[in-house]
Amino acid sequence: TANAMWGGRFAAGPDAIMTAINASIGFDRRLYAQDIRGSRAHAAMLAAQGIITSSDAEAIREGLLTVLSEIEAGGFPFSEALEDIHMNVEARLKELVGEPAGRLHTGRSRNDQVATDFRLWVRDQCDAAIDGLRALIGAALSQAEAGADWVMPGFTHLQTAQPVTWGHHMMAYVEMFGRDLSRFQDARRRMNESPLGAAALAGTGYPIDRHATAEALGFDAPMANSLDAVSDRDFALEFLSAASICAVHLSRLAEELVIWSSAQFRFVAMSDKWSTGSSIMPQKRNPDAAELIRAKIGRILGATVALFTVMKGLPLAYSKDMQEDKEQVFDAADHLLLALAAMAGMLSDLTADPQRLEQAASAGFSTATDLADWLVREAGLPFRDAHHVTGSLVAMAEARGVDLPELTLDDMQSVHGSITEDVFGVLGVHNSVASRQSYGGTAPDQVRAQIARWKEKL
Ligand code: ARG
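Within each chain, residues carry numbers counting from 1 in the order of the written sequence. Confidence filtering applies because this is a predicted model: local features only for residues at pLDDT of at least 70, side-chain atom pairs given and counted only at 80 or more, and all residues used for totals across whole chains, interfaces and linings. For the side-chain quantities, the full set of heavy atoms in the structure was used; hydrogens and water were omitted.

You'll find the chain entered in an unreviewed UniProt entry as Argininosuccinate lyase, with Paracoccus jeotgali given as the organism. UniProt positions are given in the numbering used here, feature names are shortened, and annotations may be inferred rather than shown by experiment. Annotation of the chain in UniProt includes, under Pathway (unreviewed entry), the sentence "Amino-acid biosynthesis; L-arginine biosynthesis; L-arginine from L-ornithine and carbamoyl phosphate: step 3/3."

Here you go:
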């Protein structure tokens, strides 16, 4: 049988496979609340403009609330034959309120309707991501505060480089997650314009008030070009891009937690709440949550690439290709929010071992740079010469299997005559971090200043 919406033009109904490829109700039902909200605003505006009667608008708006509660109660009979959420809602409205339902779609198209619904949905996800990032930043700040002066090895190439503090390392992630947060804020601000009333593509001859619907839906303004309004999905691309960058940050921290919790590092212990055991190896405590967070970038970036690829080369205005936007964004948003929550929980329950961190910080000649800097400062050597002298001392210590502070003054002077007893003062890891007072450096008071700045900012 021909379609109820466009049966006037069609004699026959679609092939079963056509229905299967065409229908989006299987996933876009997630937009029901946004769809109903948009339709209620549209109906109110149509009445205010005298395009439909107030009693019709009332019937529509009340009926839509009934549909909303029916969907929320569960068991709503979503129909594939009705393609998508927009037509499912409207068809049910028709059953409920009869003739006035047919007036709802005046001056509107599914093209601006879906663009509006999806914008509202993605906007909510920006807010959720911002909340998730706030919680995560809070957890990282607590870790930073607890360990503002715990010394640990800083790495480059995953080789011991220079001592840093636990607080400094945690605050590095606070900075990254802070930029992620502002990316979602930026994206939200840019996407917050209303496509509603762009109609199919060209606008409409009805005297609609797009400013009114924009305001009713919490948008800052109506979008200024009706072709653009129904055609672009850059708001979804921005959300996905911000999500991808955030997922990269999550993945790197997750990787560090995996490494740090290994028997070889033992920098941290994960709580029972965030680890799993093994069915065969009784000693195991596996960092599964961290591993899964590390992996989420795979699907999130996958979704991003998928939607970029769908959008490229699409002529204006709407094409059905764009129906493929939703599942990608749904999946990416779900998994990003889950990963943010898991990371915040895991970090809150994480126990670092300050003794073990300090022990590791002292290994691997981590204060060799401090020794070279001492030679520059106290003995007046050019840095390159100081580097060479220190390199020889490291080689000597390495050959003897000792750390730098265990060399004697005689050993030191055999490499360079102007070294004095004084040098031993800079070879300790605490001295090393305390000396790094440059802005943004690892010195505990610098780190504490950054913690205080962030606590104020949150
Ligand atoms: N289900 C469609 C989508 O998600 C709604 C818009 C349909 N518009 C149309 N002209 N077929 O994109």
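Let us keep going from here.
## Here we look at the UniProt feature "domain: Argininosuccinate lyase C-terminal" (unreviewed entry) in the chain
According to UniProt, the feature "domain: Argininosuccinate lyase C-terminal" (unreviewed entry) maps to residues 365-434 in the numbering used here. Helix and strand definitions follow DSSP, with helices as H or I runs of at least four residues and strands as E runs of at least two, each counted in order from the N terminus. Secondary structure across residues 365-434 comprises 61% helix and 0% strand; the distance between its end C-alpha atoms is 17 Å.

## Focus: the pairing of strand S1 (residues 151-156)
Pairing between two strands requires that DSSP report at least two bridges joining them. Bridge count between S1 and strand S2 (residues 159-165): six bridges; the pairing is antiparallel. Within S2, the residue paired with Val151 across the bridge is Thr165. Counting the residues that bridge the hairpin from S1 to S2 gives two residues, and of these His157 lies at a positive phi of roughly 55°.

## As for the UniProt feature "domain: Fumarate lyase N-terminal" (unreviewed entry) in the chain
In this numbering, the UniProt entry assigns the feature "domain: Fumarate lyase N-terminal" (unreviewed entry) to residues 8-302. Secondary structure within residues 8-302 divides into 61% helix and 6% strand; the distance between the first and last C-alpha atoms comes to 41 Å.

## Re the site of the ligand
Nearness of a residue to a molecule or strand requires only that one of the residue's heavy atoms be within 4 Å of it. The full set of residues close to the ligand is Ser24, Asp28, Asp84, His86, Arg110, Asn111, Val114, Tyr318, Gln323 and Lys326. Asp84 is positioned such that a nitrogen or oxygen atom in its side chain is 3.0 Å from a nitrogen atom of the ligand. Here a polar contact is recorded for every N or O atom pair within 3.5 Å, except that within protein the pair must consist of a potential hydrogen donor and a potential acceptor, and residues adjacent in sequence are included only if both atoms are side-chain atoms. At 2.7 Å from a nitrogen atom of the ligand is found a side-chain nitrogen or oxygen belonging to Gln323. When residues are sorted by character, Ala, Val, Leu, Ile, Met, Phe, Trp, Tyr, Cys and Pro go into the nonpolar class, Asp, Glu, Lys and Arg into the charged class, and all the rest, Gly among them, into the polar class. For the shell around the ligand, the residue count by class is two nonpolar, four polar and four charged.

## A few points about the side chain of Thr304
If you trace the backbone, Thr304 turns up in helix H11 (residues 288-311). A polar side-chain atom of Thr304 sits 2.8 Å from the main-chain carbonyl oxygen of Ile300. Whether two residues touch is decided by their heavy atoms; if any such pair falls within 4.5 Å, the residues are in contact. Not counting chain neighbours up to four residues away, the residues in contact with Thr304 comprise Leu240, Ser241 and Ser244.

## Some points on the packing of aromatic side chains
A pair of aromatic rings is counted whenever rings of Phe, Tyr or Trp (Trp by its six-membered ring) have centres within 6.5 Å, and the orientation is called stacked for planes under 30 degrees apart, edge-to-face for over 60 and tilted otherwise. For the structure shown, the criterion picks out 11 aromatic pairs. Between Trp121 and Phe330 the ring centres are 4.7 Å apart and the planes differ by 65°, which places this aromatic pair in the edge-to-face class. You can see Trp121 sitting in helix H6 (residues 110-146) and its partner Phe330 sitting in helix H12 (residues 325-348), a full 209 residues away along the chain. In this pair, the class of Trp121 matches that of Phe330, namely buried. For the ring pair Phe265 and Phe267, a centre distance of 5.1 Å and an interplane angle of 75° mean the geometry is edge-to-face. Two conditions define a charge located above a ring, namely a distance within 6 Å from the ring centre to NZ of Lys or CZ of Arg, and an angle within 35 degrees of the ring normal. Above the face of the Phe330 ring, Arg30 is positioned so that its terminal group lies 4.9 Å from the ring centre. Directly above the aromatic system of Trp454 lies the positively charged group of Lys457, at a separation of 4.2 Å from the ring centroid. Burial classification: accessible surface area is computed with a 1.4 Å probe over protein chains only, and a residue below 20% of its type maximum counts as buried, one above 50% as exposed, and the rest as partly exposed.

## Focus: H11
Across its 24 residues, H11 extends 35 Å between first and last C-alpha, which sits within 8% of the 34 Å expected from 1.5 Å per residue. Take the seven residues that end at a residue and the seven that start at it, fit an axis to each, and the angle between those axes is the bend at that residue. Remark: the principal bend of H11, roughly 25°, maps to Arg294. Along H11, the residues classified as buried are Ala289, Ala290, Ile293, Lys296, Ile297, Ile300, Ala303, Thr304, Leu307 and Met311. In the core, the buried residues of H11 are packed alongside helix H9 (226-231), helix H10 (234-260) and H12. Phi turns positive, to about 75°, at Gly313, one or two residues after H11. What a helix is expected to span follows from its residue count: subtract one and scale by 1.5 Å.

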